[in-house]
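Secondary and tertiary structure notes
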Amino acid sequence: MRLIVFFDLPVNDYRRQRAYRAFRKFLIHEGYLMMQESVYSKLVLNEGASAAAIARLRKNAPSQGLVQVLKVTERQFSSMVYVTGRKAECEEVDTMESLLVI
């Protein structure tokens, strides 16, 4: 399952700019990957992990602006159609597979 976070936050004064930067840094620290400006996604294993991630988002979201979360399955996410651009241009390492180094 994947969580996709969409946000539109006001940045018209210094205090709100700081809140925007803090929220963006929180997303990156939590493992979200930027898909587009103000659109981030993260892989989660199950509904429990999804609920915990959404609770952390609620706790760390700025008080003003709009933050939305969409839950989609990997199958739905993989069927995304690229109207312009290519997947290779914006692709980062984003997999559920574990890495074992001996």
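It should be noted that the structure appears before, not after, this text.
Quick caveat, the model's predicted, so the values are computed rather than measured. (Residues numbered from 1 in each chain as written. Predicted model: local features only at pLDDT ≥ 70, side-chain atom pairs only at ≥ 80, totals over all residues. Heavy atoms only, no water.)

Counting residues in each nonpolar core, the largest one holds 13 residues, and the members touching the most others are Leu3, Phe7, Phe23, Leu27, Tyr32 and Leu57. Among the elements of the structure, strand E1 (2-8), helix H1 (14-29) and helix H2 (47-60) are those that each provide at least two residues to this core. Among residues more than four places away in sequence, those in contact with Leu57 are Val5, Phe23, Phe26, Leu27, Tyr32 and Val69. (Core = buried A, V, L, I, M, F, W, Y, C linked by side-chain atoms within 4.5 Å. Buried < 20%, exposed > 50% of the residue type's maximum accessible area, 1.4 Å probe, protein only. Helix = DSSP H or I, 4+ residues; strand = E, 2+ residues; numbered from the N terminus. Contact = heavy atoms within 4.5 Å.)

Inspection of every chain in the model, using the stated rule, returns four aromatic pairs. Judged by centre distance (5.3 Å) and plane angle (90°), the ring pair of Phe7 and Phe23 falls under edge-to-face. Highlighted residues: Phe7 in strand E1 and Phe23 in helix H1, separated in sequence by 16 residues. The buried category is assigned to Phe23, whose relative accessible area is 1%. Taking the relative accessible area as the measure of exposure, Phe7 reaches 5% and is therefore buried. Site record: aromatic cluster; members linked through ring pairs are Phe7, Tyr20, Phe23, Phe26 and Tyr40. (Phe/Tyr/Trp six-rings, centres within 6.5 Å; stacked < 30°, edge-to-face > 60°.)

Attention now moves to H1. Compared with the 22 Å implied by 1.5 Å per residue over 16 residues, the 22 Å span of H1 between its first and last C-alpha is a close match. Taken as a whole, H1 has its buried residues at Arg16, Phe23, Phe26 and Leu27. Along the axis of H1, the buried residues cluster in a sector spanning 100°; they form a single face. Away from its buried face, by an angle of more than 90 degrees, H1 presents the exposed residues Tyr14, Arg18, Lys25 and His29. In this fold, the buried residues of H1 make contact with E1, strand E3 (39-43), H2 and strand E4 (66-72). A positive backbone phi angle near 100° is found at Gly31, which sits one or two residues after H1. (Expected span 1.5 Å × (residues − 1). Arc of directions from axis to C-beta.)

Let us now look at the pattern of salt bridges. By the definition in use, this model includes five salt bridges. As a salt-bridge pair, Arg15 and Asp13 come within 3.9 Å of each other at their nearest N and O atoms. For Arg15, a relative accessible area of 56% puts it in the exposed group. In this structure, Arg56 and Glu30 form a salt bridge, with 2.6 Å as the shortest nitrogen-oxygen distance. Placement of the pair is Arg56 in helix H2 and Glu30 in the loop between H1 and strand E2 (33-36), with a sequence separation of 26 residues. The network of salt bridges with shared partners includes Glu30, Lys42 and Arg56. (Salt bridge = Lys/Arg side-chain N within 4 Å of Asp/Glu carboxyl O.)

The next point concerns unusual backbone geometry. Phi angles above zero are rare outside glycine, and Ser38 is one such case at about 70°. Of note, Ser38 is situated in the loop between E2 and E3.

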